[in-house]
Amino acid sequence: MKGGQFFGGHGMGRDNQLKTAAGLSKLWDAAPLNRTRAGSPQATYRHRRGALHLMIQPGIAEEVLRNEVLRDQGLMSRMLIAWPTSRIGQRLIEDSDVEVQKRHRAEKRLATFQARVSALLHRPPPSHDDPLELAPRLLPLSTEARALLIQFANKIEGAQCPNGELAHITGFASKAAEQAARIAGVLAVFDDPEARELPLRAMQCGVKLSAWYVAEAQRLMDAGPVDETLAQAQLLLDWLKPRLSGQPFDKRMIVSPGPAKIRDSKTVERLLVVLVQYRHIRPLPLGTVVGGHVTSHSWELCAYE
């Protein structure tokens with residue numbers, strides 16, 4: 001699902017955020033869901049299961065991550081968040097023998113994965129008398145898997161103490177062990193649909209993946225929300241460096257060909273003031289010649305840049 005539709009929809013409007021987040025959190029906890037409609041008795045739904053996968057653009061992601069309602073309610077702590085580095089500009093098409101072989105191997109693995117998913121989806125779901133109520137079997141942990149999970153849980157717990165490396169993401173970190181068990185359970189059943197016990201290997205993979213998500217949450221929360229003006233100023237600075245380093249420039253040289261997000265005169269003026277304030281650029285004397293014209297306002301990148 002597109003994250004923009006989800007976070008920009010009615011359910012995530014200012015008046016409905018808390019209700020929606022609480023409802024999704026209840027679903028994650030496998031708690032009964034209540035629905036109340038005018039003119040109808042309250043309905044209670046039990047034994048429901050759900051999955052949520054959202055892909056959102058960086059700008060929307062920053063707004064979501066700094067949303068105090070979603071963080072305080074606990075919805076963000078229940079999500080496995082990943083923010084990979086963009087590969088735009090590196091997605092080159094190669095037809096060498098090595099690359100062709102790599103693609104063929106990848107296609108075979110993907111076909112194997114798709115076949116397994118299809119087979120699992122065609123299995124009749126375990127249910128109660130009501131086919132809409134699932135009744136999945138219990139998957140107890142093996143002795144080795146349980147020992148590893150306890151070791152992981154204790155390690156994460158210790159890192160949440162005051163001044164600990166995970167003290168600022170206790171909401172997410174507190175659920176890391178449960179996330180590891182959930183992931184391990186999925187991997188165990190994916191590997192063997194008839195599994196009656198969660199083996200050590202599945203738990204090792206679950207712990208490794210959960211630890212990666214903890215590190216990703218730590219990285220994103222450590223970065224903190226970025227001030228929009230500073231983000232735009234950095235965008236302008238990154239644009240200036242390769243194009244106008246070592247030469248004077250004026251506003252006209254930025255407004256038209258500059259970054260699309262800041263291509264208006266007032267925004268450029270505001271951002272140039274910020275770059276001067278942080279000593280990334282410096283103003284030049286009145287009457288400096290820029291592009292063959294005498295200008296009243298011009299700048300240059302500072303030498304150490």
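Residues numbered from 1 in each chain as written. Predicted model: local features only at pLDDT ≥ 70, side-chain atom pairs only at ≥ 80, totals over all residues. Heavy atoms only, no water.

(A) Broad picture of the overall build of the protein. Counting its secondary structure elements, the protein contains twelve helices and six strands. Its C-alpha atoms give the protein a radius of gyration of 27 Å, clearly above 19 Å, the size a compact globule of 305 residues would have. Viewed in the frame of its principal axes, the protein has a C-alpha envelope of about 85 × 65 × 45 Å. Within the protein, contacts between residues separated by at least 24 positions form 61% of all contacts whose residues are at least 6 apart in sequence. Within the structure as shown, the protein displays about 20600 Å² of accessible surface, and the carbon and sulfur contribution to it stands at 55%. (Helix = DSSP H or I, 4+ residues; strand = E, 2+ residues; numbered from the N terminus. Rg over C-alpha atoms; globule rule 2.2 N^0.38 Å. Contact = heavy atoms within 4.5 Å. Areas by Shrake-Rupley, 256 points an atom, 1.4 Å probe, with all protein chains shown as cover.)

(B) Highlighting the confidence of the model for the protein. For the protein, per-residue confidence averages 88 on the pLDDT scale, and residues scoring 70 or more make up 97% of the total. Here helix H1 (residues 3–7) is the element of the protein with the lowest mean pLDDT, 78, and helix H6 (residues 143–158) is the one with the highest, 98. (pLDDT = per-residue confidence, 0-100.)

(C) Summary view of the pattern of salt bridges. In the structure shown here, the tally under the stated rule is ten salt bridges. Measuring nitrogen to oxygen at the nearest pair gives 3.9 Å for the salt bridge that ties Glu133 to Arg48. Of this pair, Glu133 sits in the loop between helix H5 (97–121) and H6 while Arg48 sits in the loop between strand S2 (43–45) and helix H3 (58–65); the two residues are 85 residues apart in sequence, bridging distant segments of the chain. Judged by its relative accessible area of 19%, Glu133 is buried. Two residues, Glu300 and Arg282, come together in a salt bridge whose shortest N-O distance is 3.0 Å. Taken as a pair, Glu300 in strand S6 (residues 299–301) and Arg282 in strand S3 (residues 281–283) lie far apart in primary sequence, 18 residues in all. Arg282 sits in the partly exposed class, given a relative accessible area of 36%. (Salt bridge = Lys/Arg side-chain N within 4 Å of Asp/Glu carboxyl O. Buried < 20%, exposed > 50% of the residue type's maximum accessible area, 1.4 Å probe, protein only.)

(D) How the structure looks around the environment of Pro126. Mapped onto the fold, Pro126 is located in the loop between H5 and H6. Accessibility expressed as a relative area gives 43% for Pro126, which makes it partly exposed. Remark: the alpha-carbon pair of Pro126 and Met76, spanning 50 residues in sequence, is separated by 30 Å. Beyond its immediate sequence surroundings of up to four residues, Pro126 is in contact with Glu133, Leu134, Ala135 and Pro136.

(E) Quick peek at the nonpolar core. Counting residues in each nonpolar core, the largest one holds 19 residues, and the members touching the most others are Phe152, Ile156, Leu166, Leu198, Met203 and Val214. Elements represented by at least two residues in this core include exactly H6, helix H7 (170–173), helix H8 (176–191) and helix H9 (200–223). The dominant element in this core, judged by the number of residues it contributes, is H9, at five residues. With residues up to four places along the chain from it excluded, the contact list for Ile156 reads Leu166, Ala173 and Ala176. Ranked by size, the runner-up nonpolar core spans 17 residues in total, among them Ala233, Ile254, Leu271 and Leu272. (Core = buried A, V, L, I, M, F, W, Y, C linked by side-chain atoms within 4.5 Å.)

(F) Quick peek at the packing of helix H10 (residues 228–244) against helix H12 (residues 265–277). In the contact formed by H10 and H12, the axes pass within 9 Å of each other and the chain directions differ by 85°. In terms of orientation, H10 and H12 fall into the roughly perpendicular class. Facing Thr229, Leu230, Gln232, Ala233, Leu236, Leu237 and Leu240 of H10, the residues of H12 in contact are Thr267, Arg270, Leu271, Leu272, Val274 and Leu275. The residue inventory of the contact of H10 with H12, partitioned by class, reads nine nonpolar, three polar and one charged. (Axes fitted to C-alpha atoms, helices over the stretch in contact; angles between N-to-C directions. Parallel < 35°, antiparallel > 145°, perpendicular 65-115°, else oblique. Nonpolar A, V, L, I, M, F, W, Y, C, P; charged D, E, K, R; others polar.)

(G) A look at H8. Taking 1.5 Å per residue, 16 residues should reach 22 Å; H8 reaches 22 Å between its end C-alpha atoms and fits that length. All of the buried residues in H8 are Ala176, Gln179, Ala180, Ile183, Ala184, Gly185 and Ala188. (Expected span 1.5 Å × (residues − 1).)

(H) How the structure looks around the packing of aromatic side chains. Throughout the structure, instances matching the rule amount to three aromatic pairs. Both rings, one in Trp212 and one in Tyr213, keep their centres 5.1 Å apart while their planes meet at 85°; by these two values the pair is edge-to-face. Over the face of the ring belonging to Phe190 we find Arg116, whose NZ or CZ atom lies 5.7 Å from the ring centre. (Phe/Tyr/Trp six-rings, centres within 6.5 Å; stacked < 30°, edge-to-face > 60°. Lys NZ or Arg CZ within 6 Å of the ring centre and 35° of its normal.)

(I) Examining the side chain of Asp250 more closely. Inspection of the secondary structure puts Asp250 in the loop between H10 and helix H11 (252–255). Side chain to side chain, Asp250 and Arg252 meet in a polar contact 2.7 Å long. In contact with Asp250, not counting residues within four places along its chain, are Val290, Thr295, His297, Ser298 and Trp299. (Polar contact = N/O pair within 3.5 Å; in protein donor to acceptor, adjacent residues only side chain to side chain.)

(J) Focus on the packing of H5 against H8. Contact geometry of H5 with H8 gives a least axis separation of 10 Å together with a crossing angle of 95°. When the interaxial angle is binned, H5 and H8 end up roughly perpendicular. Across the interface between the two elements, Phe113, Arg116, Val117 and Leu120 from H5 touch Val189, Phe190 and Asp191 from H8. Of the residues assigned to the contact of H5 with H8, the class counts are five nonpolar, no polar and two charged.

(K) Just unusual backbone geometry, in detail. Positioned with a positive phi, Ala30 is a non-glycine residue whose angle comes to about 65°. Position of Ala30 among the secondary structure elements: in the loop between helix H2 (17–28) and strand S1 (33–35). A positive phi is found at Asn163, a non-glycine position, where the angle reads about 70°. Along the chain, Asn163 falls in the loop between H6 and H7.

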